[in-house]
Amino acid sequence: MSLPLLDIRELTVEFATRNGTVRAIESVSLKVQKGEILGVVGESGSGKSVTSFAVMRILDRAGTICGGEALYGGMDLANLPEPVVADLRGREISMIFQNPRSALNPIRKVGHQIEDVLRAHSQAAGAGLKSAAIDALKQVRIANPEERYHAYPFELSGGMCQRVVIAIALACKPQMLIADEPTTGLDVTTQKAIMDLVVDLARDRNMGALLITHDLGLASAYCDRIVVMQNGRVVDEGETDRLFAQPGHAYTERLIRATPRRDSALRDLLPDVVPAMPPDSEAAPAAAAPPATVHPRRGGEPLLSVKNLVKAYPSGSAARRSPLEALKRKLSGTPPDTFRAVDGIGFSLQAGESLGLVGESGCGKSTTSSMIARLIDTTAGEIRFNGIDIGAVPAKDFARHEMRSAIQMVFQDPTESLNPRFTAFQSIADPMRRLGGVTTADEAWARAEIVADQVGLPRDLLTRFPHQLSGGQKARVGIARAVALHPKLLILDEPTSALDVSVQAVVLNLLADLRRQLSISYIFVSHDLNVVRLLCDRVIVMNAGRIVEQGPADEILSDPREDYTKSLVAAIPHFRAVASDVKLAAS
């Protein structure tokens, strides 16, 4: 076999912190051949991204490569002078970062950002820069590349921004590509399009590629080999089909089990035996008994009724008009140009029922949930909750409405949705003080401890701030804050999309348990159709602001009638190997 394109040998990285030195990765070894796609999987904190940052020499200033080698073409990247590495970076080795909007300059046109890379590595100059940048946009299949060349990142969708980041990474035709969670937060069809694009370009150019992900389904579908990392070490590796059929480490088995699949049940995602864990860990509920089946109340008045709901915004052409043009149109009686994010939808929700809202980004599902939560006003239509037309109440006034406490929301990003200056206790107690009639500190502590117990949050974590909590612990705080007022309806907007699969498994089981114990109805907004199938009784599929299809979740997701739903289901990445399923079932 020829020499590997990238050969990492016994790589060790340490970080200096206020509490001493932390070893982030230790003795990591892996190889990538030309034309090969190697997947690196593991949970947050396993060392996946640190390994890639060390290879690219973009570690935080507190980080140090203190051992091992990272050989590229015979050169040890770990010990090369910075000017040499800077020349290799982007030209020979390129990286696709996790968050495309953070990776792009928000005040610079995307075409100019591609030109910056080409200019830095002398790949083009003068008049050739613009045509080369447009060609790079064409390579990643962006529609109307000549027009998109002049666009700013905020004018593009998440999927479009990710394509621009890929165009920047591939502009200089590198030999080695590192993709760090390139599809996190994207809907399934955009995810498939992005990954198909990356794989096709890697195959066409005979590049080596390192795909870093916590999505085992994605790794199974696109990678030739897999490396599994835990606590900064490589614990398992092998060809993809073999690894998933016969995992060589208990941690790999646990990750496989925690990944939702077509035939999974909620309790199947949890380990058979939950080990004793310290208070700071992601303690999971025992998996001995399945959750009791929740039977929604049928017949009678629904808890929530939505009729002919519309949300319209000024169209892009209207926003670009001058004030004088806008005034002329108004005086002439010309109707304003609008874009309907939600276009005349209707549905109902029974007490105790869990309803999934699915569809691609921009389909209107988050706008719909925000109107129901009364965070934004409707343009037209009716939202009737518990017999009251709450849609007629302006969003700015609903905070003082009697129904405010009955409708609560769990947001997508558990970090961004928590006040960084509030402890976990303060975050949970704040809505109880504002809406729940709690007036004394003792009562607030007592109620907060009860809620913390309900969501599996150790009481000693109540005094910690968000930055002192893990992702799963912050998710529990967000859920605890939402259920503290005993709501009748809980709206969950992508509550597990940023979580590792094992933490996601715990949170999903927690939500199922809370629904049973507290008789809460759920509206579950998600692009992960396997998760929706596990948690929801019914599902509504949305596209371009309208309902395409709705019905029982198992029926819609296993045998969809509409072509759009079929395309969503077909885009879900699944395990190629099935022997692991047999092994796990037997265990």
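Residues numbered from 1 in each chain as written. Predicted model: local features only at pLDDT ≥ 70, side-chain atom pairs only at ≥ 80, totals over all residues. Heavy atoms only, no water.

**What to know about the nonpolar core**
By size, the foremost hydrophobic cluster in this structure holds 117 residues, and its most contacted members are Ile-114, Ile-428, Ile-479 and Phe-524. At 10 residues, the largest contribution of residues to this core is made by helix α18 (residues 501-518). By size, the runner-up hydrophobic cluster in this structure holds 32 residues, among which are Leu-30, Ala-54, Tyr-72 and Leu-77. (Core = buried A, V, L, I, M, F, W, Y, C linked by side-chain atoms within 4.5 Å. Buried < 20%, exposed > 50% of the residue type's maximum accessible area, 1.4 Å probe, protein only. Helix = DSSP H or I, 4+ residues; strand = E, 2+ residues; numbered from the N terminus.)

**Describing the packing of aromatic side chains**
This model, assessed by the stated rule, comprises two aromatic pairs. Ring centres 4.1 Å apart and planes at 5 degrees place the aromatic pair Phe-425 and Trp-445 in the stacked group. Note that Phe-425 is positioned in helix α15 (residues 424-435) and Trp-445 in helix α16 (residues 441-454), a separation of 20 residues in sequence. Judged by relative accessible area, Trp-445 falls into the partly exposed class, the value being 31%. (Phe/Tyr/Trp six-rings, centres within 6.5 Å; stacked < 30°, edge-to-face > 60°.)

**Description of the sheet that holds strand β19 (residues 538-543)**
Strands sit in the order β16-β17-β18-β13-β19-β20 across an open sheet of six strands; the sheet is mixed. Either end of the sheet is taken by a strand with one partner, and the two such strands are β16 (407-410) and β20 (546-552). On average, adjacent strands in this sheet sit at an angle of 20 degrees to one another, irrespective of strand direction. Sheet topology note: the strand β13 (residues 354-358)/β19 ladder contains four bridges and is parallel. Counted as the bridge partner of Leu-355 is Arg-538 from β19. Contacts between α18 and the sheet are confined to β13, β17 (489-493) and β18 (521-525), with β18 contributing the most and set at about 155 degrees to the helix. (Pairing = 2+ DSSP bridges. Axes fitted to C-alpha atoms, helices over the stretch in contact; angles between N-to-C directions. Contact = heavy atoms within 4.5 Å.)

**Describing the packing of α15 against α16**
Two elements in contact, α15 and α16, have axes separated by 9 Å at closest approach and are oriented at 115 degrees. In terms of orientation, α15 and α16 fall into the roughly perpendicular class. For the pair α15 and α16, the crossing hand works out as right-handed. On the side of α15, the interface is formed by Phe-425, Ile-428, Ala-429, Met-432 and Arg-433, while α16 contributes Ala-441, Ala-444, Trp-445, Arg-447, Ala-448 and Val-451. When grouped by side-chain class, the residues that make up the contact of α15 with α16 number nine nonpolar, no polar and two charged. (Parallel < 35°, antiparallel > 145°, perpendicular 65-115°, else oblique. Left-handed = near helix turned anticlockwise from the far one by under 90°. Nonpolar A, V, L, I, M, F, W, Y, C, P; charged D, E, K, R; others polar.)

**Some thoughts on the pattern of salt bridges**
With the rule as written, the count across this model stands at 31 salt bridges. For Glu-115, the salt bridge is made with Arg-119, and the minimal N-O distance between the two is 4.0 Å. Residue Glu-115 and its partner Arg-119 are both found in helix α4 (residues 110-120); the two are separated by four residues, about one turn of the helix. On the basis of relative accessibility, which here comes to 8%, the residue Glu-115 falls in the buried class. When its relative accessible area of 43% is taken as the criterion, Arg-119 is described as partly exposed. (Salt bridge = Lys/Arg side-chain N within 4 Å of Asp/Glu carboxyl O.)

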